[in-house]
Amino acid sequence: MSADSNHPKDHTGETTSPAESGGGAELIRFDKVTKRFGTHTVLDSLDFTVSSGKHVTLIGPSGSGKTTILRLLMTLLKPDEGTIKVGGQYLTHEEKGGKLVPAGEKHTREVRKKIGMVFQQFNLFPNMKVLRNITEAPVHVLGMDKDAAEERARELLDLVGLTEHLDKYPTQLSGGQQQRVAIARALAMRPQVLLLDEVTSALDPELVAGVLDVLRDIAHTTDITMLCVTHEMNFARDISDDVLMFDAGRVIESGSPEKIFTEPEHERTREFLSAVL
Amino acid sequence: MNNWSWSYVGEIMPDILKGLWITVQATIYGSLVSFALGLVWALALRAPSRWVTWPVSVFVEFIRNTPLLVQLFFLFFVLPGWGLTFAPLTTGVIGLGLHYSTYTSEVYRAGIEGVPPGQWEAATALSLPARRTWIAVILPQAFRRVVPALGNYVIAMFKDTPLLAGITVADMLFQANSISATTFDYLEPITVVGILFVVISYPTSLLLRALERRLVR
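Residues numbered from 1 in each chain as written. Chains lettered and ligands numbered in written order. Predicted model: local features only at pLDDT ≥ 70, side-chain atom pairs only at ≥ 80, totals over all residues.

This paragraph deals with the overall build of chain B. The helix and strand tally for chain B stands at 8 helices and 0 strands. Reading chain B from its N end, one meets helices and strands in the order α-α-α-α-α-α-α-α. (Helix = DSSP H or I, 4+ residues; strand = E, 2+ residues; numbered from the N terminus.)

So this is what it looks like as structure tokens:
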């Protein structure tokens, strides 16, 4: 699957559903990844793979390591031990002379281009208007022509329902609108993987639905791989191919949303779900 | 005690205003030097290598902890002995700019650190190169935060320009002093100089406060 095939298509375009795409080749691999903060081990020798095109939701109590996984993938954190591969390439390591050494910035940046992230706090650039927030990276990272980048930004703004706001600054938008711009910004880089880190947690309740609708639309109309940390269990049930239950830095249970939400096997999963549902 | 003479004020004004123009030039160019150098120090102090941060840090602390007048004398009287001679005003601009750059570097540091970590994270997530992250994301946001503080240093520098009289720059105080040395009448020249400083500093500080309110919104 090429990266180019992963961008959201227009609503009339023919698309492949995630289920039909069947979850192709392995796209993400965590191999014995350990991450510690001081003496606290957040991830403990974690093994974990995600196939291309799958929508995977990570659930679990606070501090169980879910967000750490996304931040490791986005290279906002470095693993203390273990390796991470994206699309068959090491993310934070590279092979030199048959040995695995910490990756240089150039290598990491190349591999990282396959990944996009939407943050809890949106993190739009407040000094740029909406349109430039979206075109900045395609122009300066992918080397896209400015007009082409703007054209694509308009398509994406249409997808997230914000075409009329392209000339505004982020602070002139509501939280929900800002988050939708952030989604468009991430998609503009045509990532193979979209990381969603509690993207509705900072929103007023009435704005949550709009953001989730956009994500549902993307999940159902594109073949982009999604890795999602959320407390919105209905959303997780709706879009996920797989749900992984985390506790204390380990995956304690995984399976289809039907299985995890209706017949959880692990006691900790049952406790967690009864607390959040 | 002398009596105030308006006609004497009228006579000396052209020379004082000539001095004011020199004072304003020294402040403007000194500010520009301090803004540019301060940014260089602030960025150098964030360099990953200690071979950069350590010497810069020592230099900045040294300049910040020695008096401006001593630095001006060094530049004006010592450097020519080493073959480096500048005109008095140029020396003054270098001295003011260098001295104040050690303060503006702190302002920039605070401004840069005030940019939320999420901005760096978003830049990383978009794979923006470091240079682009600085130019397009971090510095524009930091500048917005530092404008009021930089403005305060411009006013402070403006009020420090009389020190340049010590290295023969014909600023306002130098002019007033020259006039007084001839007429033996200090009241009007020195008072006029003081008033001109207030007339320029105070509205500027009001303007800065307004700007600050606008930027903080």
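To continue, consider the environment of B:Ala42. By the element assignment, B:Ala42 lies in helix H1 (residues 6–44). Separated by 109 residues in the primary sequence, B:Ala42 and B:Gly151 have C-alpha atoms spaced 17 Å apart.

Our focus in this paragraph is the sheet that holds strand E10 (residues 225–229) of chain A. All names here are of chain A. Strand order across the open sheet formed by 6 strands is E8-E9-E10-E3-E11-E12, with mixed pairing between neighbours. In this open sheet, the two strands that pair with only one neighbour each are strand E8 (115–118) and strand E12 (250–255). Averaged over all neighbouring strand pairs, the angle between strand axes comes to 20°, with direction disregarded. (Pairing = 2+ DSSP bridges. Axes fitted to C-alpha atoms, helices over the stretch in contact; angles between N-to-C directions.)

Turning our eyes to something else, we now look at the UniProt feature "transmembrane region" (unreviewed entry) in chain B. Residues and elements named next belong to chain B. Residues annotated in UniProt with the feature "transmembrane region" (unreviewed entry) correspond here to residues 20–45, 66–87 and 190–211. Taken end to end, residues 20–45 has its terminal C-alpha atoms 36 Å apart, with 96% of it in helix and 0% in strand. Secondary structure over residues 66–87 splits into 50% helix and 0% strand, and the C-alpha atoms at its two ends are 22 Å apart. (UniProt positions renumbered as here; feature names shortened; annotations may be inferred.)

Let us now look at the UniProt feature "domain: ABC transmembrane type-1" (unreviewed entry) in chain B. The feature "domain: ABC transmembrane type-1" (unreviewed entry), as given by UniProt, occupies residues 20–208 of chain B in the numbering adopted here. Helix makes up 80% of residues 20–208 of chain B and strand 0%. Its end C-alpha atoms lie 21 Å apart.

A few words now on the interface of chain B and chain A. Between chain B and chain A, the residue contacts involve 14 residues of the former and 19 residues of the latter. Every element with two or more residues in the side of chain B that touches chain A is listed here: helix H5 (117–125) and helix H6 (130–160) of chain B. Grouping the amino acids of the side of chain B that touches chain A by side-chain chemistry returns 7 nonpolar, 5 polar and 2 charged. (Contact = placed C-beta atoms within 7 Å. Nonpolar A, V, L, I, M, F, W, Y, C, P; charged D, E, K, R; others polar.)

Turning our eyes to something else, we now look at the sheet that holds strand E5 (residues 89–90) of chain A. Residues and elements named next belong to chain A. What the 4 strands build is an open sheet, ordered E2-E1-E4-E5; its pairing is antiparallel. Only two strands of the sheet have a single partner each, and these edge strands are strand E2 (40–51) and E5. Judged from the 8 bridges that link them, strand E1 (residues 26–37) and E2 form a sheet pairing that is antiparallel. From the neighbouring strand, Ile 28 faces E2, where its bridge partner is Val 50. Along the sheet, helix H2 (residues 66–73) contacts E1, E2 and strand E4 (81–86); its crossing angle with E1, the most-contacted strand, is approximately 115°.

Let us look at the pairing of strand E7 (residues 99–102) of chain A. Residues and elements named next belong to chain A. As paired strands, strand E6 (residues 93–96) and E7 are joined by 4 bridges and run antiparallel to one another. When the sheet's bridge partners are listed, Glu 95 is paired in E7 with Leu 100. The antiparallel pairing of E6 with E7 creates a hairpin that spans 2 residues between the two strands, and Gly 97 there sits at a positive phi of about 60°.

What follows covers the nonpolar core. A:Ala184 and A:Leu195 are the most contacted members of the largest nonpolar core, which totals 122 residues. Sorting elements by how many residues they give to this core places H1(B) first, with 11 residues. Not counting residues within four places of it along the chain, the set of residues in contact with A:Ala184 comprises A:Ile134, A:Leu156, A:Leu157, A:Leu159 and A:Val160. (Core = buried A, V, L, I, M, F, W, Y, C linked by C-beta atoms within 7 Å. Buried ≥ 20, exposed ≤ 12 C-beta atoms within 10 Å, placed from the backbone.)

Moving on, we come to the packing of helix H3 (residues 68–78) of chain B against helix H4 (residues 88–113) of chain B. Helix-helix packing: each pair is described by the crossing angle between the helix axes and the interaxial distance. Residues and elements named next belong to chain B. For the pair H3 and H4, interaxial distance at closest approach is 9 Å and the crossing angle is 140°. It follows from the interaxial angle that H3 and H4 lie oblique. Along this stretch, H3 crosses H4, giving a crossing that reads as right-handed. Across the interface between the two elements, Leu 68, Gln 71, Leu 72, Leu 75 and Phe 76 of H3 pack against Thr 91, Gly 92, Ile 94, Gly 95, Leu 98 and His 99 of H4. Residue classes in the contact of H3 with H4 are distributed as 6 nonpolar, 5 polar and no charged. (Parallel < 35°, antiparallel > 145°, perpendicular 65-115°, else oblique. Left-handed = near helix turned anticlockwise from the far one by under 90°.)

Let us look at the confidence of the model for chain A. Caution applies to low-pLDDT regions: their predicted coordinates should not be interpreted in detail. All names here are of chain A. Across chain A, pLDDT averages 88, with 92% of residues at or above 70. When mean pLDDT is taken per element in chain A, helix H4 (residues 130–140) scores highest with 97 and helix H1 (residues 18–21) scores lowest with 34. Here residues 1–22 is modelled with pLDDT under 50, and outside its nearest four sequence neighbours on either side it reaches 40 contacts, counting other chains as well. (pLDDT = per-residue confidence, 0-100.)

With that settled, the discussion passes to the confidence of the model for chain B. In this model, chain B carries a mean pLDDT of 93, and residues with pLDDT of at least 70 account for 98%. Confidence, expressed as mean pLDDT per element, reaches its minimum in chain B at helix H8 (residues 187–216) of chain B with 89 and its maximum at H4(B) with 97.

So, about H4(A). Among the 11 residues in H4(A), 8 count as buried, and that is most of the element. The set of residues buried in H4(A) consists of A:Val130, A:Asn133, A:Ile134, A:Thr135, A:Glu136, A:Ala137, A:Pro138 and A:Val139. Close packing links the buried residues of H4(A) with helix H5 (146–159) and helix H6 (175–187) of chain A together with H6 of chain B.

All names here are of chain B. Tracing the backbone shows Tyr 153 in helix H6. Separated by 115 residues in sequence, Tyr 153 and Gly 38 place their C-alpha atoms 12 Å apart. If near-sequence neighbours (up to four positions away) are discounted, Tyr 153 is found in contact with Ser 34, Tyr 100, Tyr 103 and Thr 104.

On to the environment of A:Ile183. All names here are of chain A. Secondary-structure assignment places Ile 183 in helix H6. The class for Ile 183 is buried, based on 25 C-beta atoms found within 10 Å. A sequence separation of 66 residues divides Ile 183 from Met 117, and the C-alpha atoms of the two residues are 8.0 Å apart.

Here we take up unusual backbone geometry. Positive phi is not limited to glycine here, since A:Lys32 has a value of about 50°. Looking at A:Lys32, the number of C-beta atoms within 10 Å reads 13, which means it is partly exposed. The backbone of B:Ser127 shows a phi angle near 60°, a positive value even though the residue is not glycine. Residue position: B:Ser127 is located in the loop between H5 and H6.

The next thing to look at is H5(A). Residue and element names in this part refer to chain A. For H5, spanning 14 residues, the distance from its first C-alpha to its last is 20 Å, which sits close to the expected 20 Å at 1.5 Å a residue. Considered for burial, the residues of H5 that qualify are Ala 149, Ala 153, Leu 156, Leu 157 and Leu 159. Buried positions in H5, seen along its axis, are confined to an arc of 145° and lie on one side of it. Residues of H5 that are buried sit in contact with H4 and H6. (Expected span 1.5 Å × (residues − 1). Arc of directions from axis to C-beta.)

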